[in-house]
Amino acid sequence: MKNILTFGTFDIFHYGHLRILERASKYGSNLIVGVSSDKLNFNKKKRNTIYTQEERMHIISSLNFVDNIFLEEALEFKRDYILKYKADYLIMGCDWTGKFDEFKDICEVIYLPRTPDISTTELINKIKKL
Ligand code: C2G
């Protein structure tokens, strides 16, 4: 039984989000998702999410290949979360390549290719133009 851990904001949940979670889930039997809090996201991206952290967590927890979720309060807690959830794998999209290599001493770190041509920012811009 392998534990897989991944993180993300998952705002305006879309096909790219679905695909990374689905692909990550295939690495083991227990997929745990750290959903970035509203505060963490604002500090990181300097804009508020469209959906609240409660709504984003509700969506993620409804996916049948997601086994457990928690609120990711700060980027700096990543090592603690990996240890707490006994992660065998930390899996992120390739936009994070190299950024989490420091955790290779406690789990396997894998960066998966992003789904092309879709992102929350692109969706917001497309909708603005309608
Ligand atoms: N993703 C993807 N393909 C896309 C868009 C996103 O594979 N077209 C992946 C990202 O690479 C990431 C995950 O979906 O692994 C979530 O993406 P975001 O919601 O943008 O979250 P992010 O800002 O990367 O937050 O602690 C880490 C951060 O909080 C991760």
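For the structure itself, look to the data block above.
Fair warning: this is a prediction, and the values are worked out from it, not measured in the lab.

Parameters at a glance
Residues numbered from 1 in each chain as written. Predicted model: local features only at pLDDT ≥ 70, side-chain atom pairs only at ≥ 80, totals over all residues. Heavy atoms only, no water. Phe/Tyr/Trp six-rings, centres within 6.5 Å; stacked < 30°, edge-to-face > 60°. Helix = DSSP H or I, 4+ residues; strand = E, 2+ residues; numbered from the N terminus. Buried < 20%, exposed > 50% of the residue type's maximum accessible area, 1.4 Å probe, protein only. Near = heavy atom within 4 Å. Polar contact = N/O pair within 3.5 Å; in protein donor to acceptor, adjacent residues only side chain to side chain. Areas by Shrake-Rupley, 256 points an atom, 1.4 Å probe, with all protein chains shown as cover. 1 Å grid on protein atoms, 1.4 Å probe; cavity = no way out; pocket = protein on both sides within 12 Å on 5 of 7 lines; lining within 4 Å. Sits in = over half its atoms within 2 Å of the grid points. Nonpolar A, V, L, I, M, F, W, Y, C, P; charged D, E, K, R; others polar. Pairing = 2+ DSSP bridges. Axes fitted to C-alpha atoms, helices over the stretch in contact; angles between N-to-C directions. Contact = heavy atoms within 4.5 Å.

(A) Structural detail: the packing of aromatic side chains. Inspection of the entire model under this criterion finds eight aromatic pairs. For the ring pair Tyr27 and Tyr89, a centre distance of 5.6 Å and an interplane angle of 65 degrees mean the geometry is edge-to-face. In this pair, Tyr27 is assigned in the loop between α1 (15-25) and β2 (30-36) and Tyr89 in strand β4 (residues 89-93), connecting sequence segments 62 residues apart. The exposure class of Tyr27 is partly exposed, given its relative accessible area of 33%. Overall, Tyr89 belongs to the buried group, its relative accessible area being 15%. Ring geometry for Trp96 versus Phe100: centroids 5.2 Å apart, planes at 20 degrees, classification stacked. What links up through ring pairs into an aromatic cluster is the set Phe7, Phe70, Phe77, Tyr81 and Tyr85.

(B) Region of interest: the site of the ligand. Lining the immediate environment of the ligand, one finds 21 residues, of which Ser36, Glu72, Lys78, Asp95 and Ile118 sit closest. In this structure, Lys44 approaches the ligand through a side-chain N or O atom, which is 2.9 Å from an oxygen atom. Within the side chain of Lys45, an N or O atom sits 2.9 Å from an oxygen atom of the ligand. Taken by itself the ligand offers 630 Å² of open surface, and the protein chains cover 95% of this. According to the grid-proximity analysis, the pocket containing the ligand is the largest pocket. Residue assignment for the shell around the ligand shows that the elements contributing at least two residues are β1 (3-8), α1, α2 (38-45) and β4. The residue inventory of the shell around the ligand, partitioned by class, reads seven nonpolar, eight polar and six charged.

(C) Quick peek at the sheet that holds strand β5 (residues 108-112). Taken in spatial order, the five strands line up as β3-β2-β1-β4-β5 in an open sheet, and their pairing is parallel. Bordering the open sheet on either side are β3 (68-72) and β5, each of which pairs with just one other strand. Neighbouring strand axes in the sheet, compared pairwise and without regard to direction, differ in orientation by 25 degrees on average. Pairing between β4 and β5: five bridges, direction parallel. Across the sheet, the residue bridging to Gly93 is Leu112, located in β5. On the sheet, α1 packs against β1, β2, β4 and β5 and is oriented at approximately 145 degrees with respect to β2. The strands touched by helix α3 (residues 53-61) within the sheet are β2 and β3, with β3 carrying the most contacts at an inclination of about 160 degrees.

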